[in-house]
Amino acid sequence: TVLQNAINEAAADDVIYICAGTYDIVNQLDSDNTAVTLAGAGEGDGGTTLDAYGSTRIIYWDTVDANQNLTLYDMKLYDGYSTDSGGALWQDGGNLTIDHVTFDANEADYEGGAVRWSDGGASAYSATITNSTFTSNVGGNDDSADGGAVRAWGALSISDSSFSDNST
C-alpha cells in the first residue's frame, strides 16, 4: 500500500502526513525499523481513519533499539483485530507517543484490545498517551487476558484521555 511504502522509504525521524479520508488496512502496517511520526488530518469526521474492517491488526512496530520510536498523531484507528495482542497497535521496544488518536472497536484475542506496548526490557523506553479516546475495544477472550484498551509493560503515562465501554 501507499502507507506501507512511505514507512519503508522513511528516514529516521521523518513525518508521514496522511491526508483526510478512510484508508483500508488489508495487511498490518509494519515497521522497517525506522523512527517515524504518522500524522493524520484529524480524528473525527473529515479526518484520517485507518480501518482494518475487523480483519487484521492496523500497526505492528517491532523495534530493535531506542531510536526506532513511533508517534501517532491526529487520526482514528478503527476495527483492528489480532489473534494475539494489540488489535490496533503492537509495539515492542522504543518509545511510543500517541496524541489526539481515537481507538474505536478494536479487538485482540489475548490482551490490549487497542494497544499492546512493551519497553522490550529496556527501562529507558516509555509510552505516552495524551488527548486520546478509547471506545469499545476488547482485549482477550479468556480469564487470563488483560487490558481491554491498553496493555503496557514499562513506563506508561496517560493524560487528558477518555476510556469508555472497553472490556476484557
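Scroll up for the structure.
Residues numbered from 1 in each chain as written. Predicted model: local features only at pLDDT ≥ 70, side-chain atom pairs only at ≥ 80, totals over all residues. Heavy atoms only, no water.

1. Description of the environment of Ala20
Move 1: With respect to the helices and strands, Ala20 occurs in the loop between β1 (14-17) and β2 (21-24).
Move 2: For the pair Ala20 and Leu156, spaced 136 residues apart in the sequence, the C-alpha separation amounts to 29 Å.
Move 3: In this structure, Ala20 is in contact with Ala41, Gly46, Gly47 and Thr48, ignoring residues within four places of it in sequence. (Helix = DSSP H or I, 4+ residues; strand = E, 2+ residues; numbered from the N terminus. Contact = heavy atoms within 4.5 Å.)

2. Regarding the sheet that holds strand β11 (residues 107-108)
Strand pairing within a sheet occurs via backbone hydrogen bonds; the two strands may be parallel or antiparallel.
Move 1: In space, the 3 strands of this open sheet follow the order β8-β11-β15, with parallel pairing throughout. Two strands lie at the open edges of the sheet, namely β8 (81-82) and β15 (138-139), each paired on one side alone. (Pairing = 2+ DSSP bridges.)

3. Some remarks on the layout of surface pockets
Move 1: Volume-wise, the largest pocket comes out at about 160 Å³.
Move 2: Together, Thr1, Val2, Leu3, Ala6, Ile16, Tyr17, Ile18, Cys19, Tyr23, Asp24 and Ile25 line the largest pocket.
Move 3: Looking at the lining of the largest pocket element by element, the count peaks at 3 residues for helix α1 (residues 2-9).
Move 4: Residue composition of the lining of the largest pocket, by class: 9 nonpolar, 1 polar and 1 charged. (1 Å grid on protein atoms, 1.4 Å probe; cavity = no way out; pocket = protein on both sides within 12 Å on 5 of 7 lines; lining within 4 Å. Points joined across faces, edges and corners; volume = space filled by probe spheres on them. Nonpolar A, V, L, I, M, F, W, Y, C, P; charged D, E, K, R; others polar.)

4. Side note on the packing of aromatic side chains
Move 1: Here the structure, examined in full by the defined rule, presents 3 aromatic pairs.
Move 2: Plain terms: the ring middles of Phe103 and Phe134 are 4.8 Å apart, the flat faces sit at 5° to each other, and that makes the pair stacked. You can see Phe103 sitting in strand β10 (residues 96-104) and its partner Phe134 sitting in strand β14 (residues 133-135), a full 31 residues away along the chain. Neither residue differs from the other here; Phe103 and Phe134 are each classed as buried.
Move 3: A ring pair is formed by Phe134 and Phe163, whose centres lie 4.7 Å apart and whose planes are at 0°; its orientation type is stacked. Remark: Phe163 occurs in strand β18 (residues 162-164) and Phe134 occurs in strand β14; sequence separation between them is 29 residues.
Move 4: Residue Phe134 is classed as buried on the basis of its relative accessible area of 0%. (Phe/Tyr/Trp six-rings, centres within 6.5 Å; stacked < 30°, edge-to-face > 60°. Buried < 20%, exposed > 50% of the residue type's maximum accessible area, 1.4 Å probe, protein only.)

5. Quick look at the sheet that holds strand β3 (residues 29-30)
Move 1: Strand order in the open sheet formed by 5 strands is β3-β6-β9-β12-β16, with parallel pairing between adjacent strands. Strand pairing shows two members of the sheet lacking a second neighbour, β3 and β16 (150-153), which therefore form its edges.

By themselves, these observations are geometric and do not establish any function.
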